[in-house]
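# Tertiary structure, described
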Amino acid sequence: MTTGVVVPSPCVGICALDAGTGWCDGCLRTIDEIAAWGALGNRARREVWKCLAARRASRDAAAAARVTDDVGRITRAGNP
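Residues numbered from 1 in each chain as written. Predicted model: local features only at pLDDT ≥ 70, side-chain atom pairs only at ≥ 80, totals over all residues. Heavy atoms only, no water.

## Concerning the packing of aromatic side chains
In the structure shown here, the tally under the stated rule is zero aromatic pairs. If you follow Arg29 out to its NZ or CZ, it ends over the ring of Trp37, 5.1 Å from the centre. (Phe/Tyr/Trp six-rings, centres within 6.5 Å; stacked < 30°, edge-to-face > 60°. Lys NZ or Arg CZ within 6 Å of the ring centre and 35° of its normal.)

Encoded structure:
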């Protein structure tokens, strides 16, 4: 049994949707998750929170791959 504590929103105030993933750049929720948040119970809110760690890892891995690609391109350009 849980207490009456409301599960907080993951919103961090950086609200822009990534067209590629459909996730908010700040909180990593989908538009449907954002729109439904106020009506969700604590159990459903916790389920959304559980998804966010995997989304963050996916986003961070993609960003790291882009940096690696950029470094390789710059290195190759500087050493013909």
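## Details of the side chain of Arg55
When you line up the elements, Arg55 lands in helix α2 (residues 42–78). Apart from the residues within four sequence positions on either side, Arg55 is in contact with Trp23, Leu28, Arg29, Thr30 and Glu33. (Helix = DSSP H or I, 4+ residues; strand = E, 2+ residues; numbered from the N terminus. Contact = heavy atoms within 4.5 Å.)

## Considering unusual backbone geometry
Among all residues save glycine, negative phi is the norm, and among peptide bonds the norm is trans. Even without being a glycine, Leu28 presents a positive backbone phi close to 70°. Note that Leu28 resides in the segment before α1 (31–36).

## What about the pattern of salt bridges?
Evaluated as defined, the whole model comprises three salt bridges. Between Glu47 and Lys50 there is a salt bridge; the shortest N-O distance is 3.2 Å. With a gap of three residues between them, Glu47 and Lys50 both fall in helix α2, about one helical turn apart. What makes Glu47 partly exposed here is its relative accessible area of 40%. Judged by its relative accessible area of 58%, Lys50 falls in the exposed class. As a salt-bridge pair, Arg59 and Asp60 come within 3.3 Å of each other at their nearest N and O atoms. For Arg59, a relative accessible area of 31% translates into the label partly exposed. For Asp60, a relative accessible area of 39% corresponds to the partly exposed category. (Salt bridge = Lys/Arg side-chain N within 4 Å of Asp/Glu carboxyl O. Buried < 20%, exposed > 50% of the residue type's maximum accessible area, 1.4 Å probe, protein only.)

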